[in-house]
Amino acid sequence: MMKISLATNYEDDLIERIKEYPIYEIYGKLKNDIIGGGRPDDELKDIETIKFEKHVKMVRKSGIKFNYLLNGSCLANNEQNEEWQKKFKSFLTYLKKIGVNALTVTNPYVMQFVKKYFGNYFTLRVSTFACVDSFERAKYWEDMGADIICADFVKINRDFKKLKYMVQNLKHAKIEILVTNSCLKNCPMIFTHTTSLSHASDKSLEKENYEDWSLFYCQEIQNNKNEEYIKSPWVRPEDIKYYEEIGIEHFKITERGFPTDELVKRVKAYTDRKYNGNLIDLIQGHGYLDKNGEQKLEKAQVNTRKEAYNEIKRVRGLGQPRIYPRHIYIDNEKLDGFIEFFVNDKCINNCNVCDYCKSISRKVITKNEEVSDYLKELYSKYDEYKI
């Protein structure tokens with residue numbers, strides 16, 4: 001049976017509208033806290049404590065777990081400081097008091113800390129940021145006390161043979177798949193990016209305003225080589241069945257910064273196992289359409305690093321609604337049968353000698369040349385200005 005872990009935007013209507021779907025868990029965190037997370041704090045809502053507590057209570061009253069994200073991959077060695085440990089223990093006690101009953105962690109020290117002081121009270125989940133890409137790594141986490149392990153999406157989301165072995169040989173920990181993600185396959189930025197994001201939402205650190213340059217690096221590659229979107233480790237709603245066939249029933253859907261309508265659209269698509277439209281609308285962590293619809297592209301004069309950065313965000317809808325057309329359209333219906341290449345173990349993980357994904361991209365992707373060319377120009381300027 002499908003079990004969905006869904007991001008929360010802290011809007012009360014979200015909980016009411018997902019009751020008919022197989023949501024077993026809602027996850028989220030405060031804008032910033034003692035441990036950073038997977039989003040920079042300038043892209044998250046500043047939730048008042050009273051609203052946060054009320055939301056957790058509503059989630060629990062609905063029979064759904066509330067999973068608080070402690071998924072920062074780097075704690076700047078603060079975990080070795082006794083004063084920090086006291087503050088962290090106090091924060092965990094607070095989370096327990098208000099009804100949080102699950103935690104997602106990336107740092108093994110955090111898991112060991114939670115197990116020592118709180119035993120089995122919290123369901124403990126391992127973040128995909130921990131890059132669990134083998135049975136051996138999964139087993140280490142299981143032995144530490146992990147209940148659910150989100151697999152390394154940039155490496156093994158389509159390695160059905162490895163995933164099946166992990167499912168069959170772990171004693172009690174369950175494997176989860178992140179389905180809504182468009183990162184690069186085998187992304188070279190994964191460790192740098194997750195570390196930077198952790199620092200960008202850690203309130204204990206003094207920091208400059210964060211620029212998500214790692215994300216821009218990946219986006220620029222995908223804009224120039226559209227086949228990278230097909231190689232990306234997303235999972236279509238129609239292909240959930242192949243994961244269920246190897247024993248996986250836990251699936252994670254993002255995105256915390258999206259409005260309720262967009263989150264419900266994603267949940268409905270994956271529950272119905274069907275989506276007609278642009279796959280990008282389901283798998284990217286930004287770019288939901290403004291309520292007033294799309295406008296004709298208007299270019300801006302860009303002369304500085306900050307101007308280039310903000311213009312890319314404006315055009316793509318990063319941290320804000322999207323007002324311009326998407327730069328590409330991925331026809332989801334034309335991808336029927338695509339995943340069987342991986343299910344049947346034909347992928348050799350050497351794209352240099354295989355053009356399967358590239359050939360598929362020619363069939364399913366339509367590029368908006370005007371928007372794509374403008375983004376290419378902006379990324380080039382940002383690259384020039386950033387160093």
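For the structure itself, consult the block above.
What counts and how
Residues numbered from 1 in each chain as written. Predicted model: local features only at pLDDT ≥ 70, side-chain atom pairs only at ≥ 80, totals over all residues. Heavy atoms only, no water. Helix = DSSP H or I, 4+ residues; strand = E, 2+ residues; numbered from the N terminus. Contact = heavy atoms within 4.5 Å. Expected span 1.5 Å × (residues − 1). Buried < 20%, exposed > 50% of the residue type's maximum accessible area, 1.4 Å probe, protein only. Arc of directions from axis to C-beta. Right-handed = clockwise from strand over helix to strand, strands pointing away. Pairing = 2+ DSSP bridges. Axes fitted to C-alpha atoms, helices over the stretch in contact; angles between N-to-C directions. Core = buried A, V, L, I, M, F, W, Y, C linked by side-chain atoms within 4.5 Å. Phe/Tyr/Trp six-rings, centres within 6.5 Å; stacked < 30°, edge-to-face > 60°. Lys NZ or Arg CZ within 6 Å of the ring centre and 35° of its normal.

Asks: Sorry if this is basic, but what is going on with the environment of C74 here?
Replies: Tracing the chain through its elements places C74 in the loop between β3 (65-70) and α3 (82-98). The spacing of C74 and H199 is 125 residues in sequence and 7.3 Å in space, taken between C-alpha atoms. When neighbours within four sequence positions are excluded, C74 is seen to be in contact with T195, S198 and H199.

Asks: Looking at this model, I keep getting lost on helix α17 (residues 369-386). Mind explaining?
Replies: Side chains that are three or four residues apart share a direction in an α-helix, a result of its 3.6 residues per turn. With 18 residues, α17 extends 25 Å from end C-alpha to end C-alpha; this agrees with the ideal 26 Å at 1.5 Å per step. Within α17 the residues assigned to the buried category are V371, S372, Y374, L375, L378, Y379 and Y382. The buried residues of α17 all sit within an arc of 160° when viewed along its axis, so they share a single face. Among the structural elements, α9 (213-224), α14 (305-316) and β10 (365-367) are those in contact with the buried residues of α17.

Asks: Help me understand the pairing of strand β4 (residues 102-105) in this model?
Replies: For a regular strand, side-chain orientation follows a simple rule: the groups alternate between the two sheet faces. Residues A102 and T104 line one face of β4 and the alternating positions L103 and V105 line the opposite face, and both faces are buried. Between the parallel elements β3 and β4, the chain passes through α3 in a crossover that is right-handed. Of the crossover connections in this fold, the one passing from β4 over helix α4 (residues 108-118) to the parallel strand β5 (residues 123-126) is right-handed.

Asks: Help me understand the pairing of strand β8 (residues 250-253), please; the structure alone is not making it clear to me.
Replies: Neither face of β8 is left uncovered, since the one carrying H250 and K252 and the one carrying F251 and I253 both have all their residues buried. Pairing analysis gives 4 bridges linking strand β1 (residues 3-7) to β8, with the strands arranged parallel. Bridging across to β8, S5 finds its partner in K252. Across 3 bridges, the pairing between strand β7 (residues 174-178) and β8 is parallel. Residue pairing for β8: I177 is matched across the bridge by F251.

Asks: Explain the sheet that holds β3 here, please?
Replies: Sheets are built from strands that pair by backbone hydrogen bonding, the pairs being arranged parallel or antiparallel. Judged by pairing direction, the barrel is parallel, and its 8 strands sit side by side in the order β1-β2-β3-β4-β5-β6-β7-β8 before closing back on the first. Along the sheet, successive strands turn relative to each other by an average axial angle of 25°, direction set aside. As paired elements, β1 and strand β2 (residues 23-28) share 4 bridges and run parallel to each other. Counted as the bridge partner of S5 is E25 from β2. Strand contacts of α3: β3 and β4, with the helix running at about 160° to β3, the strand carrying the most contacts.

Asks: What should I look at first to understand the nonpolar core in this one?
Replies: One finds L6, F52, Y68, L103, I149 and I330 to be the most contacted residues of the largest nonpolar core, which totals 91 residues. Counting residues per element, this core draws most heavily on α3, which supplies 6 residues. Counting residues in hydrophobic clusters, the runner-up holds 16 residues, among them Y324, V371, Y379 and Y382.

Asks: Even after reading the chapter, I still don't get the packing of aromatic side chains, so can you show me in this structure?
Replies: Inspection of every chain in the model, using the stated rule, returns 24 aromatic pairs. On the basis of an interplanar angle of 10° and a centroid distance of 5.7 Å, the ring pair of F338 and Y356 is categorised as stacked. Here F338, found in the loop between β9 (328-330) and α15 (340-343), pairs with Y356, found in helix α16 (residues 356-364); they are 18 residues apart in sequence, far enough to count as distant. Overall, the relative accessible area of 16% leaves Y356 in the buried class. Grouping aromatic residues by their ring pairs yields a cluster made of Y10, F52, F66, Y68, F91 and Y94. Of note, K96 hangs over the ring of Y121, and the distance from its end group to the ring centre comes to 4.8 Å. Looking at R158, its charged tip hangs above the ring of W234, at a distance of 4.4 Å from the centre.

Everything listed here is a matter of geometry and, on its own, says nothing about what the molecule does.
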